Every structure is written in C-alpha cells, then in structure tokens.
Amino acid sequence: MEVLSVKYIVEKSTEPVDPVDPVDPDKPEQDPYVSIFWGAKSCGSWGQAVSVMTSKNYGSFDVSYLSANGYFYVEYSGAENELELILQSWSGGANWARVQPSETGRANDHYYAKFTYADCVKEFGAGFDKLDQLHAAAKNGDITVYSICYCTPAK
C-alpha cells in the first residue's frame, strides 16, 4: 500500500468573535470581527496576496456580515501603503473595484489598513449580494498579508 496524501480538515468558525482583554475579561479589547484570512501570503507589484471567495461561490466569506458601520481590517508587511482591497464581481456588480484604505498605521509589528463600508460602497456600489470574491493586493511594492477581518463596532 502506498499513501499519497493525508489530510486533517478542521472547520473554522465564521461567526463573529468578540475578543476580550486578558487583564479585564469584562472589557472588550477590540471591535467584534469575523476572520476572513489568517496566515502569511505574499505577492509582488500588481499581484493578489490573498483571494477569498464569498459564500455564494462556496467560499468562506458571508457578505451578510457587511454592515454600514463596519470595516475591513488588514495586517501586512512589506512596502508601506502599497495595499489595496479589490472587490470583484462576475454576477452583475462592479467588475473590479479597487478600494483605497481610509486609515493606515502600525500594529502588532506590521502595517495595517482599514477599508470602511463607505469606502467599499464608493467603489463597488451597495449591491454586495453581487460580490463574488475579494482580494488583498499590492499596488507597486511587495507585500505579505497576515490577516483580513471584517469588524463590526458597536454603534
């Protein structure tokens, strides 16, 4: 007998998570979020480091989590301010909407970029039911993406 592959698949939860401060468990540490990607994926100029299909295309991201007060939060390294979020549709929405971050900075020894719901609507339109795939992409420099989350702060 020859074994060619062994896989152990662990199902990840896509339910929103409300992380807590380890010092004071009654105090939230950050906004509740849904994890879209966790790991380390790299790309060069004009490439996509991470591509995630929406649940309507049997992917892991459910667009029903998008809300008017929410935002995408991406942590990455490499070239600063060289990350963009691309919202792609082949089912009637904006074909290739390039979203620029509304806020950038440093956190956890990486850069971060926030893309608000309003930023996404400005480029893609409000019909997120037509969103098929999202990409964390490089503009002109090399990047490595470590996490993508969709955060839903309390109003």
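Quick caveat, the model's predicted, so the values are computed rather than measured.

**Structural notes on the nonpolar core**
Within the largest apolar cluster, 30 residues are counted, with the highest numbers of intra-cluster contacts made by Phe72, Leu83, Leu87, Val145 and Ile148. Of all the elements, strand β9 (residues 143-151) adds the most residues to this core, at four residues. Sequence-distant contacts of Leu83, that is, excluding residues within four places in its chain, are made with Val74, Tyr76, Pro101, Ala113, Phe115, Ala136, Ala137, Lys139, Ile143 and Val145. Judged by nonpolar contacts, the second largest core, of seven residues, contains Tyr71, Ala107, Cys149 and Cys151.

**A short note on the sheet that holds strand β4 (residues 83-88)**
With antiparallel pairing, four strands are arranged side by side in an open sheet as β2-β8-β4-β5. Either end of the sheet is taken by a strand with one partner, and the two such strands are β2 (48-53) and β5 (96-99). In this sheet, neighbouring strand axes are inclined to one another by 20 degrees on average, regardless of whether the strands run parallel or antiparallel. Packed onto the sheet, helix α1 (residues 117-124) meets β4 and β5 and runs at close to 145 degrees relative to β5.

**Thoughts on the sheet that holds strand β3 (residues 71-78)**
In space, the five strands of this open sheet follow the order β1-β9-β3-β7-β6, with antiparallel pairing throughout. Edge positions in the sheet fall to β1 (33-43) and β6 (103-107), since each of these pairs with one other strand and no more. Looking at each pair of strands side by side, their axes are set apart by 20 degrees on average, direction ignored. With five bridges connecting them, β6 and strand β7 (residues 110-116) associate as antiparallel partners. Within β7, the position partnered with Ala107 by the bridge is His110.

Calculation criteria
- Numbering of residues starts from 1 in each chain and follows the order in which that chain's sequence is written.
- For this predicted model, a pLDDT threshold of at least 70 governs which residues receive local features, and a threshold of 80 or more governs which side-chain atom pairs are given and counted, while totals over whole chains, interfaces and linings are taken from all residues.
- Side-chain measures here rest on the full set of heavy atoms in the structure, leaving out hydrogens and waters.
- Take the buried residues of types Ala, Val, Leu, Ile, Met, Phe, Trp, Tyr and Cys, join any two whose side-chain atoms come within 4.5 Å, and each joined set is a nonpolar core.
- The buried label applies to any residue whose accessible area, calculated with a 1.4 Å probe on protein chains only, is under 20% of its type's maximum; exposed applies above 50%, and partly exposed to all values in between.
- Helix numbers and strand numbers start at the N terminus; a helix is a DSSP run of H or I with at least 4 residues, a strand a run of E with at least 2.
- Residues count as neighbours in contact if any of their non-hydrogen atoms are within 4.5 Å of one another.
- Whether two strands pair comes down to DSSP finding at least two bridges between them.
- Under this scheme, a helix contributes an axis fitted over its contacting stretch, all axes are lines through C-alpha atoms, and angles between N-to-C directions fall in the 0 to 180 degree range.

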